[in-house]
Amino acid sequence: MATPDIQLDAHGRLRHFLAIEGLPRALLIQILDQAERFAPVGDRAVKKVPLLRGKTVANLFFEPSTRTRTTFDLAAKRLSADVLNLNIEASSTKKGESLADTLRNLEAMQCDMFVVRHQVSGAADYIARQVAPHISVINGGDGRHEHPTQAMLDAFTIRRLKKSFDALRIAIVGDVAHSRVARSNIQALRTLGVPDLRVVGPKTLIPPGIEAMGVTVHDDLDEGISGADVVIMLRLQQERMQSALLPSAHEYFREYGLTAERLRGAAKDAIVMHPGPINRGVEIDSEVADGTQSVILQQVTYGIAVRMAVMSMAMGTQAQTGAA
Amino acid sequence: MATPDIQLDAHGRLRHFLAIEGLPRALLIQILDQAERFAPVGDRAVKKVPLLRGKTVANLFFEPSTRTRTTFDLAAKRLSADVLNLNIEASSTKKGESLADTLRNLEAMQCDMFVVRHQVSGAADYIARQVAPHISVINGGDGRHEHPTQAMLDAFTIRRLKKSFDALRIAIVGDVAHSRVARSNIQALRTLGVPDLRVVGPKTLIPPGIEAMGVTVHDDLDEGISGADVVIMLRLQQERMQSALLPSAHEYFREYGLTAERLRGAAKDAIVMHPGPINRGVEIDSEVADGTQSVILQQVTYGIAVRMAVMSMAMGTQAQTGAA
Amino acid sequence: MATPDIQLDAHGRLRHFLAIEGLPRALLIQILDQAERFAPVGDRAVKKVPLLRGKTVANLFFEPSTRTRTTFDLAAKRLSADVLNLNIEASSTKKGESLADTLRNLEAMQCDMFVVRHQVSGAADYIARQVAPHISVINGGDGRHEHPTQAMLDAFTIRRLKKSFDALRIAIVGDVAHSRVARSNIQALRTLGVPDLRVVGPKTLIPPGIEAMGVTVHDDLDEGISGADVVIMLRLQQERMQSALLPSAHEYFREYGLTAERLRGAAKDAIVMHPGPINRGVEIDSEVADGTQSVILQQVTYGIAVRMAVMSMAMGTQAQTGAA
């Protein structure tokens, strides 16, 4: 790398969490192991550990997202942090203040962490490059670039249910071209050693040259998920359904929607994943989404443990998962 | 009852709090007694008990209500819970997610309690029937059906000020037909043994056959409140004032508005209640609302203790009101 | 004074914090000294003290302000209070409830403190005159009247960096006529003993007769900041830029915008202050705003310590800044 990765400090420890790309395998494993320690916290009577007590976490959402914001909010609160939820779009622009000035002000208020969701690719990275040294930035999704905590919770779910990444066949199905989830997942699963990683979708929704990322490309769903141990369905964005790239939601479902019948082509014990929110009857049939092979809700649960892991690691605190 | 009441567990303890209808007298008394223990918390220097520490309460408001949301928020915080305030109307529909999926996601985030306010009658019940076993649902008002915490805070206020329900004459005045407060109050006060319970209002706003609930019906205000120990005024909704059911706000006030003069017809030590927000000069005159017989603000104060009682009981925790 | 100052109790201690006008010098010094004790809290690993644990602070913002609301929110959380953030404009008017009724309800919910931001001058004072005895009111800015916590954080910044007020030359530059910041600063800095206090701006934006407040008036920027130790730039409100009082933002900058070149006319070690949000290229050049003499971000940081000081003093608690 020409420039050193700003995500790590001089000792190789996590400082910001912006993208899976460029992170070493050992660090991804460390995040998964740390999340493993946090997972039982959600089952306790007192779902709280004191790790980030007296720290201030600012959720900076430039793009609305109830689900992601809520899980980061809960993760921070279960770490005992104080949380500021800022809808930046609504607030800062009103008085004509620049993004840089908004950030500097939040720094001056001695916030310790920014969780950033932004519609522009590279926004979290841009912010991380200009924040004060005491602040960690976590990418909660930036444009079509990355959604690294989603990839880590997906990896966590897979490891929990499949034990190892070593011999897995994993298919990522849908609008790969516009999906930050797909991009982060490919990076994470390749780094973690998944030998057979496939992307499946109509040619118009698969970025040309994606094979360079170490995946095989399929435009036939049955072929793409054949024998797969894990099927990750992507959300088809509403705006895509109305675009010229696709004929119609109905036809998309006929070609790429995951039904119980088609799922039979995957491995017998295949699990089905989806980052949510799901479009029932568009990319996935309700019978599958609610079926025994679906682990979609487990992903949500594990998402909190994974976010607690990333937040506590980036904050440089040592793991103590004892009750507060 | 054909179906067992989902509000109670196998041992008859409160699991959800959805409606007063069907709850035994002993349980209502238990809620009042528990609220009695929480009432002093609000007067302490440290208004906080650790009962729900590490629990997550989600306020799901499908219908806006600053007052009710705020009192539930405060009750949860004074029990040391973490609170998520979700404006569901705004958030979930945007991405086209179904209510069921929203609820399952909140469950997967290991929320412990849903406080639900919804414009559709039966919504809280519907939600309680499909949530995971670890979740309690509290009805914060559903359509024209019930508003059970309001009824319990009204009962609490009455018991505090009148000592016993045994010999009381209570009049509920106004738009009974469209009022969930009236419905819950009638159920609660009948169950608690009030011998003389009256509903008072124009015929167009009294549901036919309401006598079956154990009340007498009056369309003359003076007659209805004659000798009453407690006068509960209902809020006249704005939309009703513009409807064909009523001539005008002005005329309504002339016929059914409570003035100091008319209040003289009630018992000498009668108390005046209102669930708020009040319409001054429509259903109640300012002289009465702010007068010495009004206990409207005490209702608000007691509302927090009552909500703390219901939340802590539904969460299955034993009462400990010692300071945190 | 004809009427005793409602800001102080019978023992001269802070009860409400509504305006600098009328407060004795000793009290201002006490606030600064108390803030001095809170300033290190923001640098600690655990940025929290238990002073207001179990207290409820309601932020009543009738006028939107992310920055001021956020700093009060953080100050309250770092004092361990529970915080209610209420956008009153949106909520109360909807159901037609009067301001007085909204306040009485919040009182009945046993809130301990109201932080009020309102577009009408005198609003905080009006509210303080009618709240229950157990409630303290803090003015977060009322119309064109006062913004007393801003003045105290400005004074705190000046004392930290200039040690004493005794021999200072301070210039306040810009739209003095419409600025509550200017008004509060003049009161505070005069009371604290600043001997040379100047207001600088176009005649249309300087209130006639302001000399009575103990300031000198200048309509030439160079003359006004000549030799100044502190230059406080005021924000030019958007609405002012479009009014007949001013030619254009561009021309305003040419006459009154602070550039590095013009700043050379001030004292060599002059500091530049601004309450934010700044209009780059309107009242201040970016080179100055981001330059070595700018202390704009330190003001933000100190603002939290000052607000913690005022809140804890008004709540009648003795200073204990030990970690929770």
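Data block above holds the structure.
None of the values given here were measured: they were computed from a predicted structure. (Residues numbered from 1 in each chain as written. Chains lettered and ligands numbered in written order. Predicted model: local features only at pLDDT ≥ 70, side-chain atom pairs only at ≥ 80, totals over all residues.)

Caption draft 1: Quick look at the relation of the copies chain A and chain B. Under the fitted operation, chain A is carried onto chain B by 0.0 Å of movement along the axis and a turn of 120 degrees, and the coordinates agree to an RMSD of 0.0 Å. Given the turn and translation reported, the copies of this chain are related as if by a three-fold rotation axis. (Least-squares fit on C-alpha atoms with pLDDT ≥ 70 in both.)

Caption draft 2: The packing of helix 4 (residues 99–108) of chain A against helix 13 (residues 296–314) of chain C, seen in detail. Between helix 4 of chain A and helix 13 of chain C, the least distance of the axes is 8 Å, while the angle of their chain directions is 45 degrees. Classified by the angle between their axes, helix 4 of chain A and helix 13 of chain C sit oblique to one another. Between helix 4 of chain A and helix 13 of chain C the crossing geometry is right-handed. Contacts between helix 4 of chain A and helix 13 of chain C involve Arg104(A), Asn105(A) and Ala108(A) on the former and, on the latter, Leu297(C), Val300(C) and Thr301(C). Its residues assigned to classes, the contact of helix 4 of chain A with helix 13 of chain C comprises three nonpolar, two polar and one charged. (Axes fitted to C-alpha atoms, helices over the stretch in contact; angles between N-to-C directions. Helix = DSSP H or I, 4+ residues; strand = E, 2+ residues; numbered from the N terminus. Parallel < 35°, antiparallel > 145°, perpendicular 65-115°, else oblique. Left-handed = near helix turned anticlockwise from the far one by under 90°. Contact = placed C-beta atoms within 7 Å. Nonpolar A, V, L, I, M, F, W, Y, C, P; charged D, E, K, R; others polar.)

Caption draft 3: Structural context of the nonpolar core. By size, the foremost hydrophobic cluster in this structure holds 324 residues, and its most contacted members are Val173(A), Val231(A), Val173(B), Val231(B), Val173(C) and Val231(C). Sequence-distant contacts of Val231(A), defined by excluding residues within four places in its chain, comprise Ala171(A), Val173(A), Ile225(A), Leu258(A), Ala266(A), Ala270(A) and Val272(A). (Core = buried A, V, L, I, M, F, W, Y, C linked by C-beta atoms within 7 Å. Buried ≥ 20, exposed ≤ 12 C-beta atoms within 10 Å, placed from the backbone.)

Caption draft 4: The arrangement of the sheet that holds strand 1 (residues 56–61) of chain B in detail. All names here are of chain B. The sheet built from four strands is open, its strands ordered 2-1-3-4 with parallel pairing. Edge positions in the sheet fall to strand 2 (82–87) and strand 4 (136–142), since each of these pairs with one other strand and no more. Here the strands of the sheet are splayed against their neighbours by 15 degrees on average, with no regard to which way each runs. Here six bridges tie strand 1 to strand 2, and the two strands are oriented parallel to one another. (Pairing = 2+ DSSP bridges.)

Caption draft 5: A look at the pairing of strand 3 (residues 113–118) of chain A. All names here are of chain A. The buried fraction of strand 3 is high, at six of six residues. Judged by which residues are buried, strand 3 turns out to be covered on both faces: Met 113, Val 115 and Arg 117 on one side and Phe 114, Val 116 and His 118 on the other are all buried. Where strand 3 meets strand 4 (residues 136–142), five bridges bridge the pair, whose relative direction is parallel. Within strand 4, the residue paired with Met 113 across the bridge is Ser 136. Taking the sense of rotation as the criterion, the β-α-β connection linking strand 3, helix 5 (residues 123–130) and strand 4 turns out right-handed. (Right-handed = clockwise from strand over helix to strand, strands pointing away.)

Caption draft 6: Local environment of the interface of chain C and chain A. If you look at the interface, chain C gives 23 residues, while chain A gives 18 residues. Those elements giving two or more residues to the side of chain C that touches chain A turn out to be helix 2 (66–78) and helix 13 of chain C. By residue number, the principal contributor to the side of chain C that touches chain A is helix 2 of chain C, which donates seven residues. Residue composition of the side of chain C that touches chain A, grouped by class: nine nonpolar, eight polar and six charged.

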